[in-house]
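Coordinates in review
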Amino acid sequence: MLQLTLAAIAIVCACVLVGCAHDADLSRGGDSWAIAIHGGAGAIKKGESPELEPRYRESMRRVLDEGKRRLAAGDAAMDVCEALVHMLEDDELFNAGRGAVLTERGDVELDAAVMDGATLKAGAVAGVKTVRHPISLARLVSQRTSHVLLIGDGAEAFATEAGVERVPNDWFITPRRRGQLEKELQRRAESKAAAATLDTRFGTVGVVALDRSGRLASATSTGGMTGKRPGRVGDAPLIGSGTYANATVAVSCTGTGEQFIRHSVASGIAARMALIGETVEQAADHYILRVLDSGDGGLIAVDRHGRIAMPYSSAGMYRAAADSRGRDEVRIWEE
Ligand code: ASP
């Protein structure tokens, strides 16, 4: 009996200690913020497009500075993620919104998703053709419907009902993306083997953030892959594959979507952290460096302590990160 009582006391003490450690962790993290942004993996090889490189850096810098300003002011992580992806969708350098890559038919089909880690509210759209900011439509799915994912005509009808800004499909198309599609179709025509593989030019955008109240959020938006079949849906709008956030971590992925779907990469990172105690870096590296094939892509992730991971296995990944402790960087390759 005495032994049992002592054991019970020991368990209670251990619980209190763990609880204290947990509280100490949170209070250390309290009021701090962190953010990471990606503009796609695998996009350009070093020295390939010297004229584009500074433009990418300037654009990422502008978006990062806006994120820093808003998070320091106390804005909610989900609002910041949506606002920054909005900016990236309007920048034709990136494969999201205007400047998105083309399907093999020569038009644009857009996918996007958001997830609020504090509430687990998630919203996504796939295959939309006339919505200027798919990320905002995805957010509205999470706010105004009881669903998570709307596709094609149904998503367009919801866009009409919600009153979001619409544009003709041509508005999204830029000469650069037309040129990339022509090259890709030519490549396929010249080689039967190549026909089975898609061009490896990505440029999806994503933002993950931890706000001053400790809330995490993630947002991802993309045109998918150059020369994709009409109707193909990638990982970005699939919650748990290309986009995920909970109370532990927020993740946004970029790369060969089919691979991220097969391995449930985004929610897998959260699971590994919760179940086997990996850090965000360990869990992110596990998928990018060991599970996926080299060249498949990369991801950005931020955990509830504000730790950021940004691994990739492609030639490069447009990325930026900042936090309340002074981290502040914009990168394309290992620099
Ligand atoms: N992951 C995106 C997709 O497969 C493409 C990308 O990241 O560039 O649709």
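Residues numbered from 1 in each chain as written. Predicted model: local features only at pLDDT ≥ 70, side-chain atom pairs only at ≥ 80, totals over all residues. Heavy atoms only, no water.

A separate point is the pattern of salt bridges. Tallied over the full model, the rule gives 28 salt bridges. The residue Arg70 makes a salt bridge to Asp75 at a minimum N-O spacing of 2.9 Å. The exposure class of Asp75 is partly exposed, given its relative accessible area of 25%. Between Lys129 and Glu109 there is a salt bridge, with its nearest N and O atoms 3.9 Å apart. Residue Lys129 is found in the loop between β3 (121–128) and α4 (134–144), and its partner Glu109 is found in the loop between α3 (77–90) and β2 (110–116); the two are separated by 20 residues along the sequence. A residue is classified by how much of its surface remains accessible, and Lys129, at 29% relative accessible area, is partly exposed. With relative accessibility at 6%, the residue Glu109 sits in the buried group. In this structure, a network of salt bridges that share partners links the residues Arg61, Asp65, Lys68 and Asp328. (Salt bridge = Lys/Arg side-chain N within 4 Å of Asp/Glu carboxyl O. Buried < 20%, exposed > 50% of the residue type's maximum accessible area, 1.4 Å probe, protein only. Helix = DSSP H or I, 4+ residues; strand = E, 2+ residues; numbered from the N terminus.)

The environment of the ligand is formed by 11 residues, the closest being Thr204, Arg232, Asp235, Thr254 and Gly255. Here a nitrogen atom of the ligand sits 2.7 Å away from a polar atom, N or O, in the side chain of Asp235. Between a nitrogen atom of the ligand and a main-chain N or O atom of Gly255, the distance comes to 2.7 Å. By residue class, the composition of the shell around the ligand is 2 nonpolar, 7 polar and 2 charged. (Near = heavy atom within 4 Å. Polar contact = N/O pair within 3.5 Å; in protein donor to acceptor, adjacent residues only side chain to side chain. Nonpolar A, V, L, I, M, F, W, Y, C, P; charged D, E, K, R; others polar.)

Take the sheet that holds strand β10 (residues 308–309) next. Taking strand neighbours across the sheet as the criterion, the 4 strands line up as β7-β8-β9-β10 in an open arrangement whose pairing is antiparallel. The open sheet is flanked by β7 (243–245) and β10, the only strands paired with a single partner. As paired strands, β7 and strand β8 (residues 249–255) are joined by 3 bridges and run antiparallel to one another. Within β8, the residue paired with Tyr244 across the bridge is Val251. Along the sheet, helix α9 (residues 265–276) makes contact with β7, β8 and β9 (297–303), crossing β8 at roughly 145°. Strand contacts of helix α10 (residues 280–291): β8, β9 and β10, with the helix running at about 165° to β9, the strand carrying the most contacts. (Pairing = 2+ DSSP bridges. Contact = heavy atoms within 4.5 Å. Axes fitted to C-alpha atoms, helices over the stretch in contact; angles between N-to-C directions.)

Summing up the model confidence of the protein chain, the mean pLDDT is 90 and the portion of residues at 70 or higher is 88%. This stretch, residues 11–29, has a pLDDT under 50; its non-local contacts, to residues over four places away or in other chains, come to 4 contacts. (pLDDT = per-residue confidence, 0-100.)

This part takes up the environment of Arg319. By the element assignment, Arg319 lies in strand β11 (residues 317–323). Taking the relative accessible area as the measure of exposure, Arg319 reaches 5% and is therefore buried. Counting along the chain gives 19 residues from Arg319 to Ile300, while the straight-line C-alpha distance between them is 8.2 Å. Apart from residues no more than four positions distant in its own chain, Arg319 is found in contact with Ile37, His38, Met60, Met310, Tyr312, Glu329, Val330, Arg331, Ile332, Trp333 and Glu334. At 3.0 Å, the side chain of Arg319 and the backbone oxygen of Ile332 are in polar contact.

Attention shifts here to the sheet that holds β11. Taken together, the 8 strands give an open sheet; going across it, the order is β4-β3-β2-β6-β5-β1-β11-β12, and neighbouring strands pair in mixed fashion. Since the sheet does not close on itself, it has two edges, and those belong to β4 (149–151) and β12 (328–331), each with one partner. Averaged over all pairs of adjacent strands, the angle between their axes in this sheet comes to 5°, without regard to strand direction. Relative to β3, β2 is paired through 6 bridges, and the arrangement is antiparallel. Paired with Met115 across the strands is Ala122, a residue of β3. Sheet strands in contact with α3 are β1 (34–41), β2, β5 (205–210) and β6 (216–222), and its direction is about 20° off that of β6. Across the sheet, α4 is in contact with β2, β3, β4 and β6; its angle to β3 comes to roughly 135°.

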